[in-house]
Amino acid sequence: MGAPPAMETLTEKASYLRESLHKSKTITESMVSILGSFDNRLSLLETAMRPTQVRTHAIRVAHENIDKTLKCAEVILNQFDLYRKVENKIQKGPHEDLENYLQAVDQLRNIGRFFGSNKNFKSGDGAANNSSNLLAKAILKLEEEFKELLTTYSKAVEPQHLFNCLPNSLRPSSGSPGHQGDDGKSPSATSDHPSKSSENAVYTPPTLIPPRILPLLHNLAKQLVQAGRQQQALKIYREARSSALEESLEKLGVEKLSKDDVQKMQWEALEHKIGNWIHYMRIAVKLLFAGERKVCDQIFDGIESLKDQCFAEVTSNSVAMLLSFGEAIAKSKRSPEKLFVLLDMYEIMCELQSEIETIFEGKACSEMRDAALSLTKRLAQTARETFGDFEEAVEKDTTKTTVHDGTVHPLTSYVINYVKFLFDYQSTLKQLFQEFETGGETNSQLASVTMRIMQALQSNLDIKSKQYKDPALMYLFLMNNIHYMVRSVRRSEAKDLLGDDWVQRHRRIVQQNANQYKRVAWTKILQSLSTQGLSSSGGSSSAVGSDGTSTSNVSRATVKERFRSFNMQFEELYQRQSQWTVPDPELRESLRLAVAEVLLPAYRSFIKRFGPLLDNGKNPQKYAKYTPEDLDQMLGEFFEGKPGEQKRS
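Procedures and definitions
Residues numbered from 1 in each chain as written. Predicted model: local features only at pLDDT ≥ 70, side-chain atom pairs only at ≥ 80, totals over all residues. Heavy atoms only, no water. Helix = DSSP H or I, 4+ residues; strand = E, 2+ residues; numbered from the N terminus. Buried < 20%, exposed > 50% of the residue type's maximum accessible area, 1.4 Å probe, protein only. Areas by Shrake-Rupley, 256 points an atom, 1.4 Å probe, with all protein chains shown as cover. Core = buried A, V, L, I, M, F, W, Y, C linked by side-chain atoms within 4.5 Å. Contact = heavy atoms within 4.5 Å. Phe/Tyr/Trp six-rings, centres within 6.5 Å; stacked < 30°, edge-to-face > 60°. Salt bridge = Lys/Arg side-chain N within 4 Å of Asp/Glu carboxyl O. Patch = residues over 30% accessible without salt bridge, like charges linked within 9 Å, V, L, I, M, F, W, Y side chains within 5 Å. Lys, Arg positive; Asp, Glu negative; His and termini not counted. Charge placed at Lys NZ, Arg CZ, Asp CG, Glu CD. Disulfide = S-S within 2.5 Å. pLDDT = per-residue confidence, 0-100. Axes fitted to C-alpha atoms, helices over the stretch in contact; angles between N-to-C directions. Parallel < 35°, antiparallel > 145°, perpendicular 65-115°, else oblique. Nonpolar A, V, L, I, M, F, W, Y, C, P; charged D, E, K, R; others polar. Left-handed = near helix turned anticlockwise from the far one by under 90°.

### So, the overall build of the chain
For the chain, the count of helices and strands is 21 helices and two strands. Looking at the chain as a whole, 43% of its 649 residues qualify as buried. For the chain, the accessible surface area stands at approximately 35,000 Å², while carbon and sulfur atoms represent 50% of it.

Below, the structure written as structure tokens:
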């Protein structure tokens, strides 16, 4: 029985698949065989091509090397070309076009570095050497230009220009270029205590070098430092600027004086020079040194190694010359009249101290800062010692000067004026006391010193009063002098320190001396007007005085003698005391009034009571020579200091 149709179909398909697989296998084997043959051929071809590939790579590398070499050659040629251009600029020098010249120097420096780092090619060393030599010549030209510019523009500042930079209150009255005013005094002497009136004054430092030149000098300095020529730059700068500064001070009038020069100088001339020195210090620090610092900072901006050193070397001689005069004064022989100039000098040094610290900052300027501070302290010490000397000199003054009219003694007016001047320096004295005192109130210290000086004066006046033989004149002398002290204190700032107690206490002393004068001078003459001793047992007359009292048992001869005695004593007092002096008008009038209040009532009473006894006799006016009005008028001439035939004390 035959197979079913479906099975036959599957068999046919399976047979077909087997044939297809067989064919595919055969084809695959054939392809593998063909590909294997290609691999062999390719291997052979690669082997054959390798030499060609090597040659091609070598050619490509060669081309790259050639390109690099050409590029290097181009760079080198450009450097040589640039070198020639730079060389031309260097040869022309910096004077015509400094900016381009400095640019050329920078380019030359770069060229030198290029050749120095590319010494592989044949001419590298030679090119580097040439660049180095040309750079050295360029730097020398820069040095010359630096020196020429500084020398050209470093000129002394004329005094008048400096005066114009000062505040108006400190300018000399004269427009002349000298350092003296119209009155022959230094500018500082034309105003009382100028430093106090100019604390907030504006100073305008002069233009020492034109602003357009400063950037050029700055660039030149940078190039010199970059080239290792710091010392040369410093030397050039020092020589140019220091000479200009010193000449400016010389034109102003600054001179170098030693301690011996100061000691030999007359006080008036020395005082004048001290006044000038104070003015010079202010100008030097606030104008010249400040201007020099500004110039130096701009030229050496960013060059810290030179900035402070240059400024220090430029100013050192000028600072030393100024401070040496101050030191000579501080070390000179002390005397009372020097106290105020010492205080003036101390005051200006204190005023300038903060500016000195600022202007002379840095290690290089430390010696100058220390020297200024040392002078300030030395002046303070000398002023303090002079203060002590003055107090002692007042107490121990042994001058034989006698004021014959009992007026204010020269010592009194001198000491009082001295004390009044001291109070113009209150703030300075307080600062001075603070230099030496730790703790304590400076006002009380000043008050204590002032009181001691006043007490020393009073003690000396007591001694001087003993020179008078006439006790009345002695008390008048003490009254005048103590009153002068009181009045001067009341009218000055001393009152605030000494206080009302001091004033009241010494006013009582004035009054006590006035009372003592009245007692000593007028007691004897008043006794002539007393009724004691007028009664007599014989030769008496009887009369009735104008006051209605009886004058019985009163001797006319005794009355006449009393009138003669009174007249003689009064005339003698008038002769002497009209030559005496009470200089204060109020005190003089008060003293006259006090005498009149005692004398005139007693005289009126006496003449009214005993005058009638003379009326019956001959020439009664011979005895009753003066009316009360006459006496009052004559008392008005007492203490006027009128010249007499002979002044007696």
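Additional details are given in the paragraphs that follow.
### Some words on the nonpolar core
Formed by 162 residues in total, the largest nonpolar core has its most connected members in F146, I299, Y517 and W522. Here this core takes 16 residues from helix α9 (residues 267-299), the largest share from any one element. When near neighbours in sequence (up to four residues on either side) are disregarded, I299 contacts F146, L150, I209, L214, L217, H218, A221 and Y237.

### Structural notes on the packing of aromatic side chains
Counting across every chain of the model gives 22 aromatic pairs. Ring geometry for Y237 against F300: centres 5.0 Å apart, planes inclined by 80°, an arrangement best described as edge-to-face. Taken together, the positions of Y237 in helix α7 (residues 230-252) and F300 in the loop between α9 and α10 (304-331) put the pair 63 residues apart, joining distant regions of the chain. What makes F300 buried here is its relative accessible area of 0%.

### Comments concerning the pattern of salt bridges
In the structure shown here, the tally under the stated rule is 26 salt bridges. Between E391 and R452 there is a salt bridge, with its nearest N and O atoms 3.0 Å apart. With E391 in helix α12 (residues 366-395) and R452 in helix α15 (residues 442-465), the pair connects residues that are 61 residues apart, well separated along the chain. Measuring nitrogen to oxygen at the nearest pair gives 3.0 Å for the salt bridge that ties R576 to D470.

### Considerations on a positive patch on the surface
On the surface, K420, R490, R491 and R507 cluster together into a patch of positive charge. Along the chain, K420 falls in helix α13 (residues 410-422). The exposure class assigned to K420 is partly exposed, which follows from its relative accessible area of 38%.

### Topic: the state of the cysteines
Per the counting criterion, the structure on display carries zero disulfides. Here C296 is not cross-linked by a disulfide; its sulfur's nearest cysteine counterpart is in C310, at 5.2 Å.

### What about the environment of S565?
By the secondary structure assignment, S565 is in helix α18 (residues 556-577). S565 sits in the buried class, given a relative accessible area of 19%. Measuring from C-alpha to C-alpha, the distance between S565 and L529 comes to 9.5 Å, with 36 residues separating the pair along the chain.

### Considering the environment of T151
Relative to the helices and strands, T151 is located in helix α3 (residues 124-153). Once the C-alpha coordinates of T151 and S243 are considered, the two residues, 92 residues apart in sequence, prove to be 9.8 Å apart.

### Observations regarding a nonpolar patch on the surface
Together, I27, M31 and I34 make up a nonpolar patch on the protein surface, roughly 280 Å² of accessible area in all. Mapping I27 onto the fold places it in helix α1 (residues 5-92).

### Overview of the environment of R491
With respect to the helices and strands, R491 occurs in the loop between α16 (471-490) and α17 (494-527). Taking C-alpha positions, R491 is 9.6 Å from K420, a pair spaced 71 residues apart along the chain.

### Remarks on the side chain of E143
The residue E143 is located in helix α3 in this model. If near-sequence neighbours (up to four positions away) are discounted, E143 is found in contact with L224, R229, Q232 and I236.

### Section: the confidence of the model for the chain
Parts of the prediction with low pLDDT should not have their coordinates interpreted in detail. On average, the chain scores 81 in pLDDT, and the residues at 70 or more come to 77%. Every residue in residues 175-192 scores below 50 in pLDDT, and together they form 34 contacts with partners more than four places removed in sequence or on other chains. Low pLDDT, under 50, characterises residues 194-198; the stretch is placed with 13 contacts to residues that sit more than four places away or in other chains.

### Details of the packing of α12 against helix α14 (residues 426-436)
In the contact formed by α12 and α14, the axes pass within 10 Å of each other and the chain directions differ by 100°. Between α12 and α14, the angle is such that the two are roughly perpendicular. Across from K377, A380, Q381, A383, R384 and F387 in α12, the residues of α14 making contact are L429, L432, F433, E435 and F436. Taken together, the residues of the contact of α12 with α14 sort by class into seven nonpolar, one polar and three charged.

### Quick word on the side chain of K307
Within the element layout of this structure, K307 appears in helix α10. In contact with K307, other than residues within four places in its own chain, are R293, C296, D297 and F300.

### Concerning the packing of α16 against α17
Where α16 meets α17, the axes come as close as 8 Å, and the angle between the chain directions of the two elements is 160°. The pairing of α16 with α17 is recorded here as roughly antiparallel in orientation. The interaxial crossing formed by α16 with α17 has left-handed handedness. Grouping the constituent residues of the contact of α16 with α17 by class yields 20 nonpolar, four polar and four charged.

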